[in-house]
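What follows is each chain in one-letter form.
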Amino acid sequence: MSKAATAALDPPFRADHVGSLLRPPEVLDARQRAAAGDITALEKRAVEDAAIAAMVPRLEATGIRSITDGEFRRAWFHLDFLQELAGITVTGAIASSSDSQQTVGMAPPRITVTGKLRHRHPIQADDYRFLAGCTQRHPKVCIPSPTMAHFRGGRAGIDIESYPDLDEFFEDLAQCYRDEIATLYGAGCRYVQMDDTNLAYLCDPQMRQGAVDRGDDPDELPRTYAALINSALRDRPADLTVAVHLCRGNFKSAWFASGGYEPVAEVLFNELEVDAYFLEYDDERSGDFSPLRFVPGNKTVVLGLVTTKRPELEPADDLLARIEEASAYVDADRLCLSPQCGFSSTLHGNLITPDDQWAKLALVVQVARRAWM
């Protein structure tokens, strides 16, 4: 069950962030050399270790209290994790309702289930231990939502011989996540964020039609996904904070879906047993704040008002005004502030500079101090 949220938020924090950061050149170079066979996986990891250790003090200097490894070890926010599960392969691409495919020349890959799902080994426990050794603040681990293994392929993307019964598929998938969360908790992790594009995609008319075309009911999928995530979190320890981040696409500053939260809001906020929601609200694609009327009194909303897609800094007074507007639906004591997404959901990064990135994070901290001082 979700923890009772009060004015004491620790975590999420008044000023928080989604997780990914622009990859340094040495990390990108090491990844290319490893792919070419010029260095070993251990040598690549050593480069990542050094880059993460150098980045953490810079992140701390912005005033941000939740510390991630910037996802420096990943190429994609979801694929590197999911491919570690037995039974997962990567195929195809997903259609976009924006012009982003023309802009960036591709769309995100599709996850396909080709066999029985199993958690073969801990995926991020060692990554967490290294990160925790780099900071005295609060380490956060970001993992893809389990829904990422279903939405993009639907029934057709799940091997019928392995899973003639989809209930068994969802249970095996949830068990994989229970196993991974247990290993993370055992390593000391107390703050997990699940990154989910699919609940946000179900706010987009074209994406909803795509679900229909795959044989799914877009009105029932939010409940199916809430049940899946709840099952993945079953029996989680009381001191483990779990947040979910909803995203409409974030590749080289492009986006893939549009639409306010109204189609999923009631289920999202009342049936999904998480503690906090990181919600995109950086432009009109996310709609207005009225769907927040469904947020119950024991949950926290982190308003993603600062965009990671453009370098310009939002005026602080505009951000404060938007926080005030959102507080008409959710008490200000249960609101926080963050960027709308990560700065580099894939290794390619958004079309901004590192200086832009740090300035955005510092802005979040500065505005949060003014809003909740």
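Note that this is a predicted model, so its numbers are computed, not measured. Residue numbers here run from 1 along each chain, matching the order of that chain's written sequence. Predicted model: local features are reported for residues with pLDDT of at least 70 only, side-chain atom pairs are reported and counted for 80 or more only, and whole-chain, interface and lining totals are derived from all residues. For side-chain calculations, the full set of non-hydrogen atoms in the structure is used, while hydrogens and water are omitted.

**A closer look at the confidence of the model for the protein**
Thinking step 1. Scored from 0 to 100, pLDDT reflects the predictor's confidence in each residue. In this model, the protein carries a mean pLDDT of 90, and residues with pLDDT of at least 70 account for 92%.
Thinking step 2. Taken as a whole, residues 1–8 scores under 50 in pLDDT and shows 20 contacts with residues more than four places along the chain or in a different chain.
Thinking step 3. Low pLDDT, under 50, characterises residues 94–105; the stretch is placed with 34 contacts to residues that sit more than four places away or in other chains. Working rule for contacts: check all heavy atoms of both residues, and any pair within 4.5 Å makes them a contact.

**Side note on the pattern of salt bridges**
Thinking step 1. Whenever Lys or Arg places a side-chain nitrogen within 4 Å of a carboxyl oxygen from Asp or Glu, that contact is recorded as a salt bridge. Summed over the entire model, instances satisfying the criterion amount to 23 salt bridges.
Thinking step 2. R74 is the salt-bridge partner of E71, the closest N and O atoms lying 4.0 Å from each other.
Thinking step 3. Accessible area is worked out with a 1.4 Å probe on protein chains only. A residue is then buried under 20% of its type maximum, exposed over 50%, and partly exposed in between. What makes R74 buried here is its relative accessible area of 8%.
Thinking step 4. Salt bridges here are not isolated pairs; linked through shared partners, they connect K44, R45, E48, D49, R73 and D127.

**Section: unusual backbone geometry**
Thinking step 1. That bond from P11 to P12 is cis: its omega, -10°, falls within 30 degrees of zero.
Thinking step 2. Helical segments are the DSSP runs of H or I of at least four residues, strand segments are the runs of E of at least two, and each set is numbered from the N terminus. Looking at the element boundaries, P12 is found in the segment before α1 (25–35).
Thinking step 3. We note that E71 has phi near 60°; this positive angle belongs to a residue other than glycine.
Thinking step 4. The buried category is assigned to E71, whose relative accessible area is 5%.
Thinking step 5. Look at D235: it is not a glycine, yet its phi comes out positive at around 65°.
Thinking step 6. In this fold, D235 is placed in the loop between α9 (221–232) and β7 (241–246).
Thinking step 7. When its relative accessible area of 71% is taken as the criterion, D235 is described as exposed.

**So, the side chain of S162**
Thinking step 1. With respect to the helices and strands, S162 occurs in the loop between β5 (141–144) and α6 (166–186).
Thinking step 2. Polar contact is the term for a pair of N or O atoms within 3.5 Å; when the atoms are in protein, one must be able to donate a hydrogen and the other to accept it, and sequence-neighboring residues count only if both atoms are side-chain atoms. Polar side-chain contacts of S162 include one of 2.6 Å to the side chain of D159.
Thinking step 3. The residues touching S162, leaving out its near neighbours within four places in the chain, are T114, G115 and K116.

**Overview of the packing of aromatic side chains**
Thinking step 1. Stacked, tilted and edge-to-face pairs are distinguished by plane angle, under 30 degrees for stacked and over 60 for edge-to-face with tilted covering the rest, among Phe, Tyr and Trp rings (Trp via its six-membered ring) whose centres lie within 6.5 Å. Across all of its chains, the model carries 7 aromatic pairs by this definition.
Thinking step 2. An angle of 45° between the planes, with centres 5.6 Å apart, marks the rings of F81 and Y177 as tilted. One end of the pair, F81, is in helix α3 (residues 79–82); the other, Y177, is in helix α6, and 96 residues separate them in sequence. Judged on exposure class, the residue F81 and its partner Y177 are both buried.
Thinking step 3. Members of the aromatic cluster, each reached through a chain of ring pairs, are Y163, F169 and F170.
Thinking step 4. Put simply, a charge is over a ring when the Lys NZ or the Arg CZ is close to the ring centre, within 6 Å, and near the line of the ring normal, within 35 degrees. For the cation-ring pair, R248 lies above Y261, with the distance from its terminal atom to the ring centre recorded as 4.3 Å.

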